[in-house]
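Structural description and commentary
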Amino acid sequence: MRRFVSVYGWMMIAVLLLVGCDEEQRVVNGNEPADDEAIAVAWSYATARNWEGTAADDGQSAEVRRVVVADGVELFDDTWIGEEVLAVSFEAEPDSVIGVPTVLLAPETNEVIGYMPSE
(Lines give C-alpha, C1' and ligand atoms only; values in the text may rest on other atoms or scores of the structure.)
Protein backbone atom coordinates (compact mmCIF):
# COMPACT_ATOMS: atom_id res chain seq x y z
CA MET A 1 0.00 0.00 0.00
CA ARG A 2 2.81 2.36 0.89
CA ARG A 3 4.56 1.72 -2.42
CA PHE A 4 1.30 2.41 -4.30
CA VAL A 5 0.92 5.80 -2.57
CA SER A 6 4.54 6.66 -3.35
CA VAL A 7 4.21 5.74 -7.04
CA TYR A 8 0.87 7.55 -7.27
CA GLY A 9 2.43 10.66 -5.68
CA TRP A 10 5.29 10.73 -8.20
CA MET A 11 2.87 10.28 -11.08
CA MET A 12 0.82 13.24 -9.88
CA ILE A 13 3.94 15.41 -9.64
CA ALA A 14 4.98 14.41 -13.18
CA VAL A 15 1.51 15.24 -14.54
CA LEU A 16 1.50 18.62 -12.79
CA LEU A 17 4.93 19.47 -14.19
CA LEU A 18 3.89 18.51 -17.71
CA VAL A 19 0.66 20.49 -17.52
CA GLY A 20 2.44 23.45 -15.95
CA CYS A 21 4.81 23.65 -18.91
CA ASP A 22 1.98 23.85 -21.43
CA GLU A 23 1.61 27.12 -23.33
CA GLU A 24 -0.76 29.51 -21.56
CA GLN A 25 -4.04 30.22 -23.37
CA ARG A 26 -6.71 32.84 -22.87
CA VAL A 27 -9.99 31.06 -22.31
CA VAL A 28 -13.66 31.70 -22.83
CA ASN A 29 -16.06 30.03 -20.38
CA GLY A 30 -13.21 28.14 -18.75
CA ASN A 31 -12.72 25.51 -21.45
CA GLU A 32 -13.04 27.11 -24.89
CA PRO A 33 -9.91 28.71 -26.41
CA ALA A 34 -10.32 32.42 -27.01
CA ASP A 35 -10.37 33.69 -30.54
CA ASP A 36 -7.28 35.85 -31.09
CA GLU A 37 -9.13 37.49 -33.97
CA ALA A 38 -11.76 38.75 -31.51
CA ILE A 39 -9.02 40.26 -29.34
CA ALA A 40 -7.38 41.88 -32.36
CA VAL A 41 -10.71 43.37 -33.51
CA ALA A 42 -11.44 44.72 -30.02
CA TRP A 43 -7.94 46.20 -29.68
CA SER A 44 -8.27 47.81 -33.11
CA TYR A 45 -11.57 49.35 -32.07
CA ALA A 46 -10.09 50.63 -28.79
CA THR A 47 -7.07 52.20 -30.49
CA ALA A 48 -9.26 53.84 -33.15
CA ARG A 49 -11.02 55.65 -30.31
CA ASN A 50 -7.76 56.53 -28.50
CA TRP A 51 -8.64 54.37 -25.49
CA GLU A 52 -5.33 52.46 -25.55
CA GLY A 53 -3.52 55.00 -23.35
CA THR A 54 -4.98 53.53 -20.16
CA ALA A 55 -4.38 49.87 -21.12
CA ALA A 56 -1.54 47.95 -19.51
CA ASP A 57 1.00 46.24 -21.80
CA ASP A 58 -0.59 47.40 -25.06
CA GLY A 59 -3.59 45.14 -24.70
CA GLN A 60 -1.61 41.92 -24.34
CA SER A 61 -3.52 41.07 -21.14
CA ALA A 62 -6.91 40.86 -22.86
CA GLU A 63 -9.57 38.66 -21.33
CA VAL A 64 -12.43 37.22 -23.38
CA ARG A 65 -15.62 36.00 -21.78
CA ARG A 66 -19.22 35.41 -22.78
CA VAL A 67 -21.83 37.74 -21.30
CA VAL A 68 -25.53 38.32 -21.74
CA VAL A 69 -26.15 41.91 -22.82
CA ALA A 70 -28.24 43.95 -20.41
CA ASP A 71 -29.42 47.55 -20.36
CA GLY A 72 -26.80 50.14 -19.50
CA VAL A 73 -24.28 49.32 -22.23
CA GLU A 74 -23.63 51.32 -25.38
CA LEU A 75 -24.99 49.24 -28.26
CA PHE A 76 -25.11 50.09 -31.95
CA ASP A 77 -28.21 47.87 -32.32
CA ASP A 78 -30.61 47.28 -29.41
CA THR A 79 -31.63 43.87 -30.74
CA TRP A 80 -28.58 42.44 -28.93
CA ILE A 81 -30.16 43.06 -25.49
CA GLY A 82 -30.63 39.68 -23.81
CA GLU A 83 -28.30 37.90 -26.24
CA GLU A 84 -25.00 36.19 -25.39
CA VAL A 85 -21.98 38.00 -26.87
CA LEU A 86 -18.21 38.08 -26.47
CA ALA A 87 -16.86 40.72 -24.11
CA VAL A 88 -13.18 41.62 -24.53
CA SER A 89 -11.69 43.53 -21.62
CA PHE A 90 -8.19 44.93 -21.21
CA GLU A 91 -6.23 45.33 -17.99
CA ALA A 92 -5.84 48.99 -17.01
CA GLU A 93 -2.60 50.70 -15.99
CA PRO A 94 -2.26 50.72 -12.19
CA ASP A 95 -2.21 54.55 -12.04
CA SER A 96 -5.16 55.21 -14.36
CA VAL A 97 -8.43 56.53 -13.03
CA ILE A 98 -10.49 54.80 -15.72
CA GLY A 99 -9.67 51.85 -17.92
CA VAL A 100 -10.37 50.81 -21.47
CA PRO A 101 -14.09 50.12 -21.99
CA THR A 102 -15.02 46.48 -22.50
CA VAL A 103 -15.65 45.89 -26.20
CA LEU A 104 -18.65 43.73 -27.14
CA LEU A 105 -18.47 41.50 -30.22
CA ALA A 106 -20.94 39.32 -32.09
CA PRO A 107 -19.84 35.73 -31.32
CA GLU A 108 -20.12 34.37 -34.86
CA THR A 109 -18.64 37.28 -36.82
CA ASN A 110 -16.39 39.10 -34.31
CA GLU A 111 -18.08 42.34 -35.39
CA VAL A 112 -18.09 45.14 -32.80
CA ILE A 113 -21.65 45.65 -31.59
CA GLY A 114 -20.99 48.04 -28.70
CA TYR A 115 -19.04 48.58 -25.51
CA MET A 116 -19.40 48.81 -21.74
CA PRO A 117 -17.88 52.00 -20.33
CA SER A 118 -15.29 51.43 -17.63
CA GLU A 119 -15.52 52.90 -14.18
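As the structure is a prediction and not an experimental result, all values here were calculated from the model.

**Digging into the side chain of S89**
- Tracing the backbone shows S89 in strand β5 (residues 84–89).
- Residue S89 is classed as buried on the basis of its relative accessible area, which comes to 15%.
- A distance of 3.5 Å separates the side chain of S89 from the side chain of R65, its partner in a polar contact.
- What S89 contacts, discounting residues up to four positions off in sequence, is S61, A62, E63, R65 and T102.

**Considerations on the pattern of salt bridges**
- Summed over all chains, the structure comprises one salt bridge.
- Across the pair R66 and E84 runs a salt bridge, and its minimum N-O distance is 3.9 Å. One end of the pair, R66, is in strand β3 (residues 63–68); the other, E84, is in strand β5, and 18 residues separate them in sequence.
- Here R66 falls in the partly exposed class, since its relative accessible area comes to 23%.

About the cut-offs
- Residues numbered from 1 in each chain as written.
- Predicted model: local features only at pLDDT ≥ 70, side-chain atom pairs only at ≥ 80, totals over all residues.
- Heavy atoms only, no water.
- Helix = DSSP H or I, 4+ residues; strand = E, 2+ residues; numbered from the N terminus.
- Buried < 20%, exposed > 50% of the residue type's maximum accessible area, 1.4 Å probe, protein only.
- Polar contact = N/O pair within 3.5 Å; in protein donor to acceptor, adjacent residues only side chain to side chain.
- Contact = heavy atoms within 4.5 Å.
- Salt bridge = Lys/Arg side-chain N within 4 Å of Asp/Glu carboxyl O.

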